[in-house]
Amino acid sequence: MNNYEYLLSDISILKGVGVSLAKKFRRKNINTIFDLILSIPSKYIDRSIETKIKDLHIGKIQTVTIVVEKYNFPRVRNLPNKVICSDNTGKLDCIFFNSFEGYIKKILPLNKVVTISGKIGFFRGKYQITNPTHVSTDENKIKKIHSNYSLTEGISDNIFNKVINEALIKLPKMSEWLSKDILNKFENISWNEAITNLHKPKQTDIEKKYINRLIFDEILSTFLINSKIRINFKKKNKFPKKINSKLVNFVENKIGFTLTIDQNKAIKEINNDLSSKQRMFRLLQGDVGSGKTIVSLISSQNVIFNNYQVAFMAPTEILAKQHFNLFNNIFGKFSSAQLLTGKTDYKERNEILKKLQNNKINIVFGTHALFQKKIKFKKLGLIIIDEQHKFGVNQRKKLSEKGDANCDVLVMSATPIPRTMMMTLYGDMDITLIKSKPKNRKEIKTYTKDVNKINDVIKFVKKEINLGNQIFWVCPLIEESKKIDHQSAVIRFNNLKKIFSSNVGLLHGSIDKDEKDLILKNFLKNKIKILVSTTVIEVGIDFPNATCIIIEDANKFGLSQLHQLRGRVGRGIKQSSCILIYKSSLSENARKRLKILKSSNDGFLIAEEDLKLRGYGDLLGFQQSGQKIFKLADPIINADMFLLAEKEIKNIERNNLNLTKYKSLLKLYDRADIINELI
Ligand code: ADP
Ligand code: MG
């Protein structure tokens, strides 16, 4: 048995872990022994020092050794059972609410010497401990440092401790995977030392070095995986593409605007990659509305001119469709494009799959559906992933496998991601930034409005409509129940219909495809003036005639998400506005957040503030999707360790180090499915 196999075993192999307890652990996402021992205590309580009764401090947790003198079981409802105990300096009562006499007699046997630890109370002139949990005739069991686990809903600390003890008995000795230099930085603490000291510390103020070592392991394993994906990816040569130098001009004439300096620069960098033998693995990062789409479409057409295919993946169907339409408008006469989503019907889909295999389709736009195994390309040359951070490592890997050796990858994101997260999500990727926005853009004016003043908002909407403008009206998803998650949008829609009649449209996840398309078409044609929706419009969609976005319960969204939503307007030359509606009972923090949005239109600044106020999970939308990348590490708090891990990865890459040394580490951190194929 490999030493990591025990750690990856199911918790139910541990003595004392039956079906119901295992279930409780699983609810806390603790499935393996490894999960269990990575549940680090939230605090430690020192019960090691014995105190005489006369020296007890009320309100403190203290340990005394006493003789059990007398039981007092009143057998009257609501009156607690009492056990009178003493040492040679005074008396102490143990008070039990809701405990059976048999149990009490068992843990506190008459006339026996017992060690007991608990919070000291004082009642009618006597010290007391209520419902003591730490009691034993064996003083060694009590007189030590006790670990307190916070993840214990439904599992008492005693039981958690017992199970941990059980797991630690057979803890295998792991051979060191960290390099000498790195290990030195963590005071040469081995993995085993770190685990044992965190669960069974010798003092309560346990030094940071133990947990830091484990945090570092977690970061390093993640980076290693990314590094392998990337190296593997770049290792294989591809067919260099010829670039059509007239394409930008052609596009500019067709769409009626000139590209910005940064857009041109981005195209140049991508062209360099396309025409090189090395595969491209590039992130195109630019704030909402900076014009990433057109850059990616020009790149696509360049690849198609070389008789290679393109897979363009968007996070939502609506967005895929919009990109598809735009592509068709510009390049329709050169290329055959298709849209493939989860909703494409069976027959059409089979047709598309066939054509993709024969290279009769040059570019396919779609959502997650493009990941499926069945989809095979004849000559895939470029994969484009829009709003990349919504896809996981696994999905990315699956997609990049499709293109075998000849495939370039371009990912696009509007979310400014701090360096630590960048390494976590992408590894050390090449990055192109679009900083400037297209000319003639007016700043979006942002207002906040108490929901009680909704009538002012309605008045404003009427005015906008009279000017020929269109309005997005966004309602939050209600998460508790999937069935009615769009309820707030439906209510608002019915409400607005009474005022604006057929000028209002409704869009949410449960509306079927045809109706959705019709509504969007009508909105685009200006037949609908107000589009009420859930966050389905969040990413990327482009309606140049929409000049106002109203967001209800704005405080329920992350700042970056609000900024993205706001980016749906202000895309034409008209003055646009964003109205953030809130309920009067806003917390201080929520008020602060809305204020930041009001005062800034800079996605990078907003993301930074968002990070400070809500942590990294929210920025990337991980909290909503229930994903958590790290168990222990925090990209903000542990930023220095992320940088250290980055250095180490570069060192490993530069020296072409053998990864077998890291095998256990990678196995334990549950990325084995990816790593197996790569090593
Ligand atoms: P994002 O970077 O958020 O994906 P888009 O590519 O959707 O932004 O572009 C936003 C809007 O800006 C679109 O309506 C697009 O047609 C327009 N646009 C893009 N580039 C320019 C430009 N150079 N000049 C004017 N408008 C542009
Ligand atoms: Mg976009």
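Above this text is the structure in question.
The structure displayed is predicted, hence computed values, not measured ones.

### Some words on the environment of Phe216
Right, so step 1: As for its placement among the helices and strands, Phe216 is situated in helix H9 (residues 208-235).
Right, so step 2: Among the residues examined, Phe216 registers a relative accessible area of 0% and is labelled buried.
Right, so step 3: The spacing of Phe216 and Leu644 is 428 residues in sequence and 8.6 Å in space, taken between C-alpha atoms.

### Some thoughts on the pattern of salt bridges
Right, so step 1: Counted by the stated rule, this structure contains 22 salt bridges.
Right, so step 2: When the shortest N-O distance is used, the salt bridge between Lys126 and Asp93 registers 3.0 Å. On the criterion of sequence distance, the pair formed by Lys126 in strand E6 (residues 126-130) and Asp93 in strand E4 (residues 90-96) is long-range, its members being 33 residues apart.
Right, so step 3: For Asp93, a relative accessible area of 4% gives the class buried.
Right, so step 4: Here Arg213 and Glu176 are joined by a salt bridge, their closest N and O atoms 2.9 Å apart. Of this pair, Arg213 sits in helix H9 while Glu176 sits in the loop between helix H6 (157-169) and helix H7 (180-185), and the two are 37 residues apart along the sequence.
Right, so step 5: The exposure class assigned to Glu176 is partly exposed, which follows from its relative accessible area of 28%.
Right, so step 6: Among the charged side chains, a salt-bridge network with shared partners connects Glu50, Glu139 and Lys143.

### Observations regarding the site of ligand 1
Right, so step 1: Looking at ligand 1, there are 16 residues lining it, with Gly289, Thr293, Arg441, Asp542 and Arg571 nearest.
Right, so step 2: Between Ser290 and ligand 1, the recorded distance is 3.4 Å, taken from a backbone N or O atom to an oxygen atom.
Right, so step 3: For ligand 1, an oxygen atom lies 3.1 Å from a polar atom in the backbone of Gly291.
Right, so step 4: Here the residues of the shell around ligand 1 are counted per class, giving four nonpolar, seven polar and five charged.

### Some thoughts on the pairing of strand E8 (residues 145-148)
Right, so step 1: Of the two faces of E8, the one carrying Ile145 and Ser147 and the one carrying His146 and Asn148 are both buried.
Right, so step 2: Inspection of the sheet shows strand E1 (residues 43-46) paired to E8 by four bridges, in the antiparallel sense. The residue bridging Asp46 from the neighbouring strand is Ile145, located in E8.

### Some points on the packing of helix H17 (residues 454-466) against helix H18 (residues 487-500)
Right, so step 1: Running from amino to carboxyl end, H17 crosses H18 at an angle of 55 degrees, the nearest separation of the two axes being 12 Å. When the axes of H17 and H18 are compared, the pair comes out oblique. Once H17 is placed against H18, the crossing between them reads as right-handed. Mapping the contact onto sequence places Ile454, Ile458, Val461, Lys462 and Ile465 in H17 and Arg492, Leu496, Ile499 and Phe500 in H18.
Right, so step 2: In the contact of H17 with H18, the residues fall into seven nonpolar, no polar and two charged.

### Describing the sheet that holds strand E10 (residues 309-313)
Right, so step 1: Overall, parallel pairing links the seven strands, which are arranged E11-E12-E10-E13-E14-E9-E15 in an open sheet. Of all the strands in the sheet, just strand E11 (337-340) and strand E15 (430-434) have a single pairing partner and so form its edges. Neighbouring strand axes in the sheet, compared pairwise and without regard to direction, differ in orientation by 20 degrees on average.
Right, so step 2: Bridge count between strand E9 (residues 281-286) and strand E14 (residues 408-413): five bridges; the pairing is parallel. Across the sheet, residue Gln285 finds its bridge partner in E14, namely Ser413.

What counts, and where the lines are drawn
- Each chain has its residues counted from 1, following the order in which its sequence is written.
- Chains carry letters from A onward and ligands carry numbers from 1 onward, assigned in written order.
- It should be noted that, the model being predicted, local features are given only for residues of pLDDT at least 70 and side-chain atom pairs only at 80 or more, the latter also being counted only at that level, while totals for whole chains, interfaces and linings use all residues.
- With hydrogens and water excluded, all non-hydrogen atoms of the structure serve as input to the side-chain values.
- Secondary structure follows DSSP: runs of H or I at least 4 residues long count as helices, runs of E at least 2 residues long count as strands, and numbering of each begins at the N terminus.
- Burial classes: relative accessible area under 20% of the type maximum marks a residue as buried, over 50% as exposed, and values in between as partly exposed (1.4 Å probe, protein chains only).
- Definition used for salt bridges: Asp or Glu carboxyl oxygen within 4 Å of a side-chain nitrogen of Lys or Arg.
- We call a residue near a molecule or strand as soon as one heavy atom of that residue lies within 4 Å of the molecule or strand.
- In protein, a polar contact requires one atom able to donate a hydrogen and another able to accept it; more generally it is a pair of N or O atoms within 3.5 Å, and residues adjacent in sequence count only if both atoms are side-chain atoms.
- Throughout, the ten residues Ala, Val, Leu, Ile, Met, Phe, Trp, Tyr, Cys and Pro are labelled nonpolar, Asp, Glu, Lys and Arg are labelled charged, and all others, Gly among them, are labelled polar.
- Strand pairing is assigned whenever DSSP detects at least two bridges linking the two strands.
- Axes here mean lines fitted to C-alpha atoms, for a helix over just the part in contact, with angles spanning 0 to 180 degrees between N-to-C directions.
- Should an angle fall under 35 degrees it is called roughly parallel, over 145 degrees roughly antiparallel, and 65 to 115 degrees roughly perpendicular, with every other angle called oblique.
- Each crossing gets its handedness from the near helix: less than a right angle anticlockwise from the far helix is left-handed, clockwise is right-handed.
- The contact definition used throughout considers only heavy atoms, calling two residues in contact when any of these lie within 4.5 Å.

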